[in-house]
Amino acid sequence: MLLMSGNQVRLIRVQVIMAVFMVAATVGLVRPFGIAGVALAAALTNALSNYLCLRQVRAALGLSPYNRTYLRLFGRACESGGDAGLRLFTRSLGLHPEWLWIGVALAASYASFCGFALLGDWTMTTK
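Residues numbered from 1 in each chain as written. Predicted model: local features only at pLDDT ≥ 70, side-chain atom pairs only at ≥ 80, totals over all residues. Heavy atoms only, no water.

Details of the overall build of the protein
Inference 1: The helix and strand inventory of the protein stands at four helices and zero strands.
Inference 2: In sequence order, the secondary structure elements of the protein are arranged as α-α-α-α.
Inference 3: Looking at the protein as shown, the accessible area adds up to about 9,400 Å², and 70% of this sits on carbon and sulfur atoms. (Helix = DSSP H or I, 4+ residues; strand = E, 2+ residues; numbered from the N terminus. Areas by Shrake-Rupley, 256 points an atom, 1.4 Å probe, with all protein chains shown as cover.)

Written out as structure tokens, the structure reads:
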């Protein structure tokens, strides 16, 4: 949105800051955590970049894609995350390879999130 609205200077500023952050985070995290540190640095860079772009869009254009109705999904996300964590924690069948368990937990997590979200919407409309 920043690029399309003529605010490319704001976008470039965010991208330069995030490039410096990515290099610093990677250098700082790769020694103690190895490849997981690189993944963590990339995830942090992505999250921070999205946040900074959102702030710039809000400041330049006065637009925000979120409102308070998104907060009701927080409980559902916690429930599905707990469901996935429980599935991974209690995996005692010895299923190999490990990525198969991660895939099962991911699929179950998405299914429970959608189920809890639909259940929440259904209970709100029937009151």
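Re the packing of helix 1 (residues 8–33) against helix 2 (residues 35–61)
Inference 1: Put simply, helix 1 and helix 2 touch, their axes get as near as 8 Å, and they point 160° apart. As summarised for this structure, helix 1 and helix 2 are arranged roughly antiparallel, according to the angle between their axes. Here helix 1 runs over helix 2; the crossing is right-handed. (Axes fitted to C-alpha atoms, helices over the stretch in contact; angles between N-to-C directions. Parallel < 35°, antiparallel > 145°, perpendicular 65-115°, else oblique. Left-handed = near helix turned anticlockwise from the far one by under 90°.)

Here we look at the side chain of Thr45
Inference 1: Within the secondary structure, Thr45 is located in helix 2.
Inference 2: Classification of Thr45 as buried rests on a relative accessible area of 10%.
Inference 3: For Thr45, the contacting residues outside a window of four places in its chain are Met18, Phe21 and Met22. (Buried < 20%, exposed > 50% of the residue type's maximum accessible area, 1.4 Å probe, protein only. Contact = heavy atoms within 4.5 Å.)

Structural notes on helix 2
Inference 1: Its 27 residues give helix 2 an end-to-end C-alpha distance of 38 Å, which sits within 8% of 39 Å, the value for a rise of 1.5 Å per residue.
Inference 2: For helix 2, every residue scored as buried is listed here: Gly37, Ala41, Thr45, Leu52, Gln56 and Val57.
Inference 3: Turning to helix 2, the residues buried within the fold contact helix 1.
Inference 4: Positive backbone phi, at 75°, marks Gly62, one or two positions downstream of helix 2. (Expected span 1.5 Å × (residues − 1).)

What to know about the confidence of the model for the protein
Inference 1: Looking at the protein, the pLDDT average stands at 81 and 80% of residues meet or exceed 70.
Inference 2: By mean pLDDT, helix 3 (residues 72–89) is the weakest element of the protein at 68, and helix 1 is the strongest at 94. (pLDDT = per-residue confidence, 0-100.)

A word on helix 1
Inference 1: Between its first and last C-alpha, helix 1 extends 35 Å over 26 residues, near the 38 Å set by a 1.5 Å rise per residue.
Inference 2: Three or more residues of helix 1 are buried, namely Leu11, Val14, Met18, Ala25 and Leu29.
Inference 3: Looking at the buried positions of helix 1, the neighbouring elements they touch are helix 2.
Inference 4: Residue Gly34 follows helix 1 closely and has a positive phi angle near 65°.

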